[in-house]
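Breakdown of the fold
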Amino acid sequence: QVQLKESGGGLVQAGDSLRLSCEVSGGTFSIMGWFRQAPGKEREFVGGIIYNDNTYYSDSVKGRFTISRDNAKTTMDLQMNSLKSEDTAVYFCAATKEQRGRPRHRGDYDYWGQGTHVTVSS
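Reading the values: the criteria
- Residues numbered from 1 in each chain as written.
- Predicted model: local features only at pLDDT ≥ 70, side-chain atom pairs only at ≥ 80, totals over all residues.
- Heavy atoms only, no water.
- Helix = DSSP H or I, 4+ residues; strand = E, 2+ residues; numbered from the N terminus.
- Buried < 20%, exposed > 50% of the residue type's maximum accessible area, 1.4 Å probe, protein only.
- Contact = heavy atoms within 4.5 Å.
- Pairing = 2+ DSSP bridges.
- Axes fitted to C-alpha atoms, helices over the stretch in contact; angles between N-to-C directions.
- Disulfide = S-S within 2.5 Å.

Mapped onto the secondary structure, Ser21 falls in strand S3 (residues 18-25). Residue class for Ser21 comes out buried when judged on its relative accessible area of 18%. Setting aside residues up to four positions removed in sequence, Ser21 forms contacts with Lys5, Glu6, Ser7, Trp34, Met76 and Asp77.

Written out as structure tokens, the structure reads:
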């Protein structure tokens, strides 16, 4: 069975860095992504990585966050730098069976992790 599990969340101060990891088991995926959800808000796209390891990001994190993964596609990381209070959210790892395109919407993804909390204090 497919399982995704995030780790690495925590409490940090504005300006700090944090690295999240997503471990994949039960399958591999050409396209994976990160989403986040703050209390009372919609789950929003953070960034994604496609079959050739090209990455793409939302405007709110572009230049600050970086996605990478190992060659086996079993681990995907989210390096977060220059964190702001507005980055506070539960961060989710996601995967899709799609093998083409650059999906940016919640409905485009098929599998989800349980989420890991990131809190950025001002």
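Looking at where Gly9 falls in the secondary structure, it is placed in the loop between strand S1 (3-7) and strand S2 (10-13). Separated by 12 residues in the primary sequence, Gly9 and Ser21 have C-alpha atoms spaced 9.0 Å apart. Contact partners of Gly9, with chain neighbours within four places excluded, come to Leu18, Leu20, Thr116, His117 and Val118.

Right, let's get into the sheet that holds S3. Strand order across the open sheet formed by four strands is S1-S3-S8-S7, with antiparallel pairing between neighbours. Two strands lie at the open edges of the sheet, namely S1 and strand S7 (65-69), each paired on one side alone. Between one strand and the next, the sheet's axes are offset by a mean angle of 15°, whatever the strand orientation. Pairing analysis gives five bridges linking S1 to S3, with the strands arranged antiparallel.

As a further point, take the pairing of strand S11 (residues 116-121). Burial along S11 is one-sided: the residues Thr116, Val118 and Val120 are buried and none of His117, Thr119 and Ser121 is. Examined bridge by bridge, S2 and S11 share four bridges and lie parallel to one another. Note on S11: the bridge partner recorded for Leu11 is Thr119. Relative to S11, strand S9 (residues 89-96) runs antiparallel, the two sharing three bridges. Counted as the bridge partner of Tyr91 is Thr116 from S11.

With that settled, the discussion passes to the state of the cysteines. For the coordinates displayed, the defined rule picks out one disulfide. Through a disulfide, Cys22 is tied to Cys93; the S-S separation comes to 1.9 Å. Sign of the S-S torsion, about -65° for the bond between Cys22 and Cys93, identifies this disulfide as left-handed. Pair noted here: Cys22 is in strand S3 and Cys93 is in strand S9, with a separation of 71 residues, a long-range link. Under the relative-accessibility criterion, Cys22 is labelled buried at 0%.

Spatial relationships are all this shows, so hold off on functional conclusions.
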